[in-house]
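# Results of the structural survey
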Amino acid sequence: MRMTAMAMLTAALVGCSAPAATEEGAAMQKPIMGWGDLLNRPQPKPDASLSYGKDALQVVDVWVPTGEGPFPAVIMLHGGCWQTAVAERDIMNWIADDLRSHGIGVWNIEYRGVDRGGGYPGTYDDVGAAADLFARAGAKYRLKTDAPRIAIGHSAGGHLALWLARRPGLAADDALRGADPIRIDVAISQGGLPDLRAGAASRGHGCGAEAPAAMARGEYTRTSPPEMPVGAAVEMQFNNDRDPITPPATGAAYIAAMAKRGRTVTMAVTPGEGHVELIAPDSVSWGKQRAAILQALGMAAP
């Protein structure tokens, strides 16, 4: 786990970013979670790991529920400002374990960040290859690889989940697309950062402007979901109103951009929670996400 940098960013932003509250509301409002509140818990472990390339970061952790299967599964993508030094895939272990306990497998992808040979095109090559591997090899781990296919990502990983959903719409000869890209049916952004152009032009954001710029290298129509071809996947935004990294305005801006292109994106905002709660298994916001996943998989009533 490498969340020291993210913890510092969050701490610096919380004080100036939390919304105003009434005196009564402030008295009742619980503190938002810091990274230590999640990462200092006993960490659950995956059932298997496999490599999809030669780099140490080109690996997938597989979480398999107890039983014979086959089990429905989600493709999971961590955040960390697209930087390996900030976070790796194990920050998602707690919600991966929670899904496993509900009978859902997880394909948790690691990838090279902009500081480890990633960015454009390396990060996309990694994410595409690892997701495509799910379609070919998931059945070996008793996971269902047919529809519905769900991609879920936190923060910078939200951008990557949406990118995966849009990837099949790229030109047939585009190297980022690949010959047979996996088709995503539902893409869930957990406080995601979908707009790379806006990120590259930002000033004072916790993730900075250099990382999103390195993720695009000017190729916004191939890398930034608001400008990529509109896909067929259902897209969901989950935001928390006390999130200093990706406040609800970030999700709302994406929804507005897609509305101009004739596309409806749903959004759920949870009050009184922040950025960490989006991937904390006992939070209200994660409970909403889990319910959405179960419903999409046909495992629970609306």
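Residues numbered from 1 in each chain as written. Predicted model: local features only at pLDDT ≥ 70, side-chain atom pairs only at ≥ 80, totals over all residues. Heavy atoms only, no water.

### Remarks on the state of the cysteines
- Considering all chains together, one arrives at one disulfide under this definition.
- Cys81 shares a disulfide with Cys207; S-S distance 2.1 Å. The sign of the S-S torsion, about -70°, decides the handedness of the disulfide formed by Cys81 and Cys207: left-handed. One end of the pair, Cys81, is in the loop between strand 3 (73–77) and helix 4 (93–101); the other, Cys207, is in the loop between helix 7 (196–200) and helix 8 (210–216), with 126 residues separating them in the sequence. (Disulfide = S-S within 2.5 Å. Helix = DSSP H or I, 4+ residues; strand = E, 2+ residues; numbered from the N terminus.)

### Quick word on helix 5 (residues 122–137)
- Taking 1.5 Å of rise per residue, 16 residues should cover 22 Å, and helix 5 covers 22 Å from first to last C-alpha, within 8% of that figure.
- Taking burial as the measure, the 16 residues of helix 5 include 12 buried ones, the bulk of the element. (Expected span 1.5 Å × (residues − 1). Buried < 20%, exposed > 50% of the residue type's maximum accessible area, 1.4 Å probe, protein only.)

### Brief notes about the confidence of the model for the protein chain
- Summarising the model, the protein chain shows a mean pLDDT of 90, and 90% of its residues fall at 70 or more.
- Here residues 3–28 scores under 50 on pLDDT; set against residues more than four positions off or in separate chains, the count is 27 contacts. (pLDDT = per-residue confidence, 0-100. Contact = heavy atoms within 4.5 Å.)

### Let's talk about unusual backbone geometry
- For the bond running from Gly69 to Pro70, omega is 5°, close enough to zero to count as cis.
- You can see Pro70 is positioned in the loop between strand 2 (59–63) and strand 3.
- The linkage connecting Tyr120 with the following residue, Pro121, adopts the cis geometry, with an omega of 5°.
- Mapped onto the fold, Pro121 is located in the loop between strand 4 (105–109) and helix 5.
- Residues other than glycine seldom take positive phi values, yet Cys81 does so here, at roughly 60°.

### Thoughts on the nonpolar core
- With 48 residues, the main nonpolar core has Val60, Ile75, Leu77, Trp107, Ile109 and Leu164 as its most contacted residues.
- Secondary-structure elements contributing two or more residues to this core are strand 2, strand 3, strand 4, helix 5, helix 6 (156–166), helix 8 and helix 10 (248–259).
- Dropping the residues within four chain positions of it, Val60 is found in contact with Ala48, Ser49, Leu50, Tyr52, Trp107, Asn108, Ile109 and Ala130. (Core = buried A, V, L, I, M, F, W, Y, C linked by side-chain atoms within 4.5 Å.)

### Some thoughts on the environment of Ala165
- By the element assignment, Ala165 lies in helix 6.
- Taking relative accessible area as the criterion, Ala165 reaches 8% and is therefore assigned buried.
- Along the chain, Ala165 and Pro72 lie 93 residues apart, while their C-alpha atoms are 18 Å from each other.
- Aside from chain neighbours lying at most four places away, what touches Ala165 is Ile184, Ala187 and Ala233.

### Focus on the sheet that holds strand 6 (residues 186–190)
- Pairing within the open sheet is mixed, and its eight strands lie in the order 1-2-4-3-5-6-7-8. Every interior strand has two partners, whereas the edge strands, strand 1 (48–51) and strand 8 (266–270), have only one. Across the sheet, the mean angle separating the axes of adjacent strands is 20° when strand polarity is ignored.
- In this sheet, strand 8 lies alongside strand 7 (residues 234–240) in parallel orientation, the contact comprising five bridges. For Phe238, the partnering residue across the bridge sits in strand 8 and is Ala268. (Pairing = 2+ DSSP bridges. Axes fitted to C-alpha atoms, helices over the stretch in contact; angles between N-to-C directions.)

### Remarks on helix 10
- Between its first and last C-alpha, helix 10 extends 16 Å over 12 residues, near the 16 Å set by a 1.5 Å rise per residue.
- Every buried residue of helix 10 is listed here: Pro248, Gly251, Tyr254, Ile255 and Met258. All buried residues of helix 10 fall inside an arc of 125° around its axis, so they share one side.
- Those residues of helix 10 hidden inside the fold are in contact with helix 6, strand 7 and strand 8. (Arc of directions from axis to C-beta.)

### So, the packing of helix 5 against helix 6
- Contact pair helix 5 / helix 6: the axes reach a minimum separation of 11 Å and the direction vectors enclose 65°. Relative to helix 6, helix 5 is oriented so that their crossing is right-handed. Touching Thr123, Tyr124, Val127, Gly128 and Ala131 of helix 5 are His159, Leu160, Trp163 and Leu164, all from helix 6. (Left-handed = near helix turned anticlockwise from the far one by under 90°.)

### Regarding the pairing of strand 6
- Counting buried residues in strand 6 gives five out of five residues, a clear majority hidden from the surface.
- Side chains of strand 6 alternate between two faces, with Val186, Ile188 and Gln190 and Ala187 and Ser189 buried alike.
- When strand 5 (residues 150–154) meets strand 6, the two strands line up parallel, connected through five bridges. What sits directly across from Ile152, in strand 6, is Ile188.
- With helix 6 bridging strand 5 and its parallel neighbour strand 6, the resulting β-α-β unit is right-handed.
- When strand 6 meets strand 7, the two strands line up parallel, connected through five bridges. In the strand pairing of strand 7, Ile188 is matched with Met236. (Right-handed = clockwise from strand over helix to strand, strands pointing away.)

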